Amino acid sequence: MKRYEAYKPVTSRWAKQLPFYWEFQKIAEVFIERKENNDPIKTTNILSLTNTRGVIPYSDKGNLGNKAKNDIRGYRLAYPGDIVLNSMNVVIGSVGLSQYYGAVSPVYCMLYVRNNTKYNVRYYNYVFQDKIFQGGLNGLGNGILEIRMRIPMSKLKYVCVPVPPRDEQDQIVRYLDWQVSKINRLIAAKRKQIELLHEQFSAVINSTISGYDSSVPKYDSGISLFGQIPQGWHVRPFSKIATVKSNLVDPALYKDMQQISPASIEKNTARILELCTVEQAGVSSPNHYFYKGQIIYSKIRPLLNKVIIAPFDGLCSADMYPIETVLDTEYLLFYLLSSSYLQQLSVTANRVKMPKINQEELGATLVLIPPEQEQREIVAIIKSKCSKIQLLIEKIKLQIDAASDLRTRLISDV
């Protein structure tokens, strides 16, 4: 980036100097906090804030993250042009510019500029996206975890932000919109590639589990879902081949153990996304103690296919089942990821989408069981093919990370 002719020093947690003719003002001097409540009900349009998509209608988010309350009279209102920030996660970029009028969780703060002539709100949306700026907020919050520290407006309002002349603000916004949109399109294309590879991952599992050897005699299973199956294969209820090992404990006694929740697991791939300790996760309600080698299965929204084999002893959310089986454990894992199994979930109790599967429903699902040797052979084939797909996925994820880093540096530099 081309530098300005001269700079002046500033006193700040995040900035050391600014172009000599720029101003440096407190957030409270640039913004007014909107504190309008949704009581009585003024709107039923609930908005949500995401790290990747900004402010979106709650209905567009899907059933991810925190759930909206049924009674939204305690919610606040956001207007188009408001900067919406999550006071719990602003230090990791949970902030966005709203294009909508709607109700938001009271954990959010809404800011609107005092003077539309002097301040371009889109410029300040980029300021809030700046990782250097976000880093300067560390230490202002109240809480245990750095990324979950609530920063009250009583502290945030004293943080200073740069105020270039309005024409420069506009120029910066135009340039960043142009460059960031190009990077975002690249990232979107890469994510689409990952989606296609995930579909290929699932196709490998489905074709291998149902890819019967045509030379083996078959018989009618008597079940329309399976039809003709090879001799020596059987169909059994889940309850006959696996057991849920409920083992609820007080998490306060296991603060240093690793904790797994549905959010920790990638859908469809049996991979762990991220881990933290019980203490870091802020767990207070009873969790299951699980053992290495058990299957950990999410009973919440089971069609998302969140299931793994535990790589260690630890604790998991009560929204998950620790499972042991008499089958090859990896075979049952892959079977739970297969379409043969998911088709059963989609029609259980005549529901298209199940918010939760209880133990009785789980026990009633049917499992296709090959002989032990064939179970092992199926596992070996799936692992060989899927490992190659996973390598491609990881390579693309690195490319996305590199593009995201470029976007972050670009915003900070400009």
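Residues numbered from 1 in each chain as written. Predicted model: local features only at pLDDT ≥ 70, side-chain atom pairs only at ≥ 80, totals over all residues. Heavy atoms only, no water.

Q: So what about the packing of aromatic side chains? Which residues, and what values?
A: In the structure shown here, the tally under the stated rule is 18 aromatic pairs. Note on Phe 290 and Phe 312: the rings are 6.0 Å apart at their centroids and 40° apart in plane angle, and the pair reads as tilted. Within this pair, whereas Phe 290 is found in strand β22 (residues 287-290), its partner Phe 312 is found in the loop between β24 (307-309) and β25 (314-316), the two being separated by 22 residues in sequence. The pair Phe 290 / Phe 312 is uniform in exposure class, with both members buried. Linked through ring pairs, Trp 14, Phe 24, Phe 31, Tyr 119, Tyr 123, Tyr 124, Phe 128 and Phe 133 together constitute an aromatic cluster. Stacked on the ring of Tyr 112, the Lys or Arg Arg 34 has its end atom at 4.3 Å from the ring centre. (Phe/Tyr/Trp six-rings, centres within 6.5 Å; stacked < 30°, edge-to-face > 60°. Helix = DSSP H or I, 4+ residues; strand = E, 2+ residues; numbered from the N terminus. Buried < 20%, exposed > 50% of the residue type's maximum accessible area, 1.4 Å probe, protein only. Lys NZ or Arg CZ within 6 Å of the ring centre and 35° of its normal.)

Q: With reference to specific residues and values, describe the nonpolar core.
A: One broad rule of soluble globular proteins: the nonpolar side chains tend to lie buried together. Among the nonpolar cores identified, the biggest contains 86 residues, and Phe 31, Tyr 124 and Tyr 297 are the most heavily contacted of them. Per-element tally for this core: the top contributor is helix α6 (residues 166-210), with twelve residues. Leave out the neighbours within four places in its chain, and Phe 31 touches Ile 83, Leu 111, Tyr 112, Val 113, Arg 114, Val 121, Tyr 124 and Phe 128. (Core = buried A, V, L, I, M, F, W, Y, C linked by side-chain atoms within 4.5 Å. Contact = heavy atoms within 4.5 Å.)

Q: Give a description of the packing of helix α3 (residues 121-129) against α6 that names residues and reports values.
A: Look at α3 against α6: their axes get within 9 Å of each other, and the N-to-C directions meet at 60°. Accordingly, the angle class assigned to the pair α3 and α6 is oblique. Crossing handedness for the pair α3 and α6: left-handed. Seen from α3, the contacting residues are Arg 122, Tyr 123, Tyr 124 and Tyr 126; seen from α6, they are Gln 169, Ile 172, Val 173, Leu 176, Asp 177 and Val 180. Considered class by class, the residues forming the contact of α3 with α6 number seven nonpolar, one polar and two charged. (Axes fitted to C-alpha atoms, helices over the stretch in contact; angles between N-to-C directions. Parallel < 35°, antiparallel > 145°, perpendicular 65-115°, else oblique. Left-handed = near helix turned anticlockwise from the far one by under 90°. Nonpolar A, V, L, I, M, F, W, Y, C, P; charged D, E, K, R; others polar.)

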